[in-house]
Amino acid sequence: MRVINYPNADQRAALLKRPVFERGQIQGDVSVIINCVKSGGDRSLVELTRELDGVKLDRLEVTNEEFEFANDSVPQDLKDAIAVASRNIEKFHDAEDRTGYRVEVMPGVSCWKKWLPIERVGIYVPAGSAPLFSTVLMLAIPARLAGCSEIVLCSPPGRDGSIDATTLFAAGSCGITRAFKIGGAQAVAAMAFGTESVPRVDKIFGPGNQFVTEAKMQVMGTGVAIDMPAGPSEVAVLADDTAIPAFVAADLLSQAEHGPDSQVLLVSTSGDVVEKTLSELEKQLNVLPRREFARRSLANSSAIIVSTLEDGIEFLNEYAPEHLILACRRTDELAEKVRNAGSVFLGNFSCESAGDYAAGTNHTLPTNGAARGYSGLSVLSFMKSVTFQRLTNKGIRSLGPVIETMAAAEGLEAHKYAVSVRLQSAGEN
């Protein structure tokens, strides 16, 4: 990691930039894949899986026997851990208010909002260098709580043509019965448009590589909703002299090991903590199986020394990290000053891994600065709101003249007449 001492305004602007990746070639490749799946259906999915994943499939959909085999394959201690995580995730998400509300804005004019489940949702679970079965819990549990009638899972097959056993076990434990051995942009296209085997869904959720992200952005233009624009994983740590360097280094590496395009950021008021954290990074890197991924990520990352914690919070609000760890004094006070972040972890013992797996909050979060305008996933992400209004005779008489005046000002006479004809009737009754 490069170290920057007390950056000026110009340096700060440069530090706020994430690594930039060229989309041009990816856009074209993804467009070809999407059109191929759209026109060729299952046949194209099988061909693309053979060509891109090196796997020849006889069947795209996971069978009941494969679900059962996966259930028998997962060690009991891992099953127990998944059960604890599932309970925490469900407890946190089930507390969310999704009841709607009703208000009488003026006599005779009532308006209300009702939350309804999205009927068919698709969830994508990556499995590139590491199958992320925890993502199943983070997506399927709030989808089930929302009341979605159909949940479709897609995940890339391994060389043996099967989905990771723990991923399937997690899916089954969440009530998912339909899973498909499809990955990448072709999985997104299959869920967006439907094929002979894969149902078309109304909204697509889940993280993925640049191809998956690009595919989600492209199908969104066709009317299919997506959860959020998502990029590589990232974490920022705000540390003072009470931070424990070994903890900070471990948190930075927990994101850096995702891949070379991940970014980590350390902002500190203590040069001593920065120096000791850098030393810890080297020590911990040497024993990591994914150390080469982490090293390449750290090469794109920075440690920044600032004058005050308030200065650090202000910088991090501009950066808008996916994960923000406050390893410092006055965490509750500083937390109140956070405006832009996906999820915040308070104190030395609140590791980011807790949110990734089992604390209960969702780990599907906005990245690349999107936390300025997006939230992490929740039950409401799997629902849509419908508004209603009712005008009585009294209501149209009190509000009608207002509508007439506004419609006339916009030159929309049919809009005005729709009110006028009712006012005539209301006056007669």
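Residues numbered from 1 in each chain as written. Predicted model: local features only at pLDDT ≥ 70, side-chain atom pairs only at ≥ 80, totals over all residues. Heavy atoms only, no water.

**Quick look at the side chain of Arg 290**
Here's step 1: Summarising the element assignment, Arg 290 is placed in the loop between α10 (271-285) and α11 (291-298).
Here's step 2: Of the side chains with opposite charge, Glu 257 comes closest to the buried, unpaired Arg 290, at an N-O distance of 4.5 Å.
Here's step 3: Side-chain polar atoms of Arg 290 contact the backbone oxygen of Glu 257, separated by 2.9 Å. (Helix = DSSP H or I, 4+ residues; strand = E, 2+ residues; numbered from the N terminus. Buried < 20%, exposed > 50% of the residue type's maximum accessible area, 1.4 Å probe, protein only. Lys, Arg positive; Asp, Glu negative; His and termini not counted. Salt bridge = Lys/Arg side-chain N within 4 Å of Asp/Glu carboxyl O. Polar contact = N/O pair within 3.5 Å; in protein donor to acceptor, adjacent residues only side chain to side chain.)

**Focus: α11**
Here's step 1: Buried residues of α11: Ala 294, Ser 297 and Leu 298, and no others. Summarising the axial view, the buried residues of α11 lie within an arc of 95°, below the 170-degree limit, and thus occupy one face.
Here's step 2: In the core, the buried residues of α11 are packed alongside α9 (245-256), β10 (263-268) and α10. (Arc of directions from axis to C-beta. Contact = heavy atoms within 4.5 Å.)

**Some remarks on the pairing of strand β9 (residues 234-239)**
Here's step 1: When you tally the buried positions in β9, you get six out of six residues, the bulk of the element.
Here's step 2: Of the two faces of β9, the one holding Glu 234, Ala 236 and Leu 238 and the one holding Val 235, Val 237 and Ala 239 are both buried throughout.
Here's step 3: Direction of pairing for β9 relative to β10: parallel, over a ladder of six bridges. Following the sheet pairing, Val 235 is matched in β10 by Val 264. (Pairing = 2+ DSSP bridges.)

**Some thoughts on the layout of surface pockets**
Here's step 1: A volume near 180 Å³ is recorded for the second largest pocket.
Here's step 2: As for the second largest pocket, its lining consists of Phe 92, His 93, Glu 96, Gly 342, Ser 343, Val 344, Thr 361, Asn 362, Leu 365, Gly 376, Leu 377 and Ser 378.
Here's step 3: Counting residues per element, the ones that place at least two in the lining of the second largest pocket are α4 (76-94) and β13 (343-346).
Here's step 4: Tallied by class, the residues present in the lining of the second largest pocket amount to four nonpolar, seven polar and one charged. (1 Å grid on protein atoms, 1.4 Å probe; cavity = no way out; pocket = protein on both sides within 12 Å on 5 of 7 lines; lining within 4 Å. Points joined across faces, edges and corners; volume = space filled by probe spheres on them. Nonpolar A, V, L, I, M, F, W, Y, C, P; charged D, E, K, R; others polar.)

**Considering the sheet that holds strand β6 (residues 178-180)**
Here's step 1: Spatial strand order, β6-β5-β4-β7-β8: five strands in an open sheet with parallel pairing. A strand with exactly one partner marks an edge of an open sheet, and here the two such strands are β6 and β8 (225-226).
Here's step 2: The pairing of strand β7 (residues 203-205) with β8 spans two bridges and is classified as parallel. Counted as the bridge partner of Ile 204 is Ile 226 from β8.
Here's step 3: Packed onto the sheet, helix α5 (residues 133-146) meets β4 (120-124), β5 (150-154) and β7 and runs at close to 170° relative to β4. (Axes fitted to C-alpha atoms, helices over the stretch in contact; angles between N-to-C directions.)

By themselves, these are just geometric observations and shouldn't be taken as functional.
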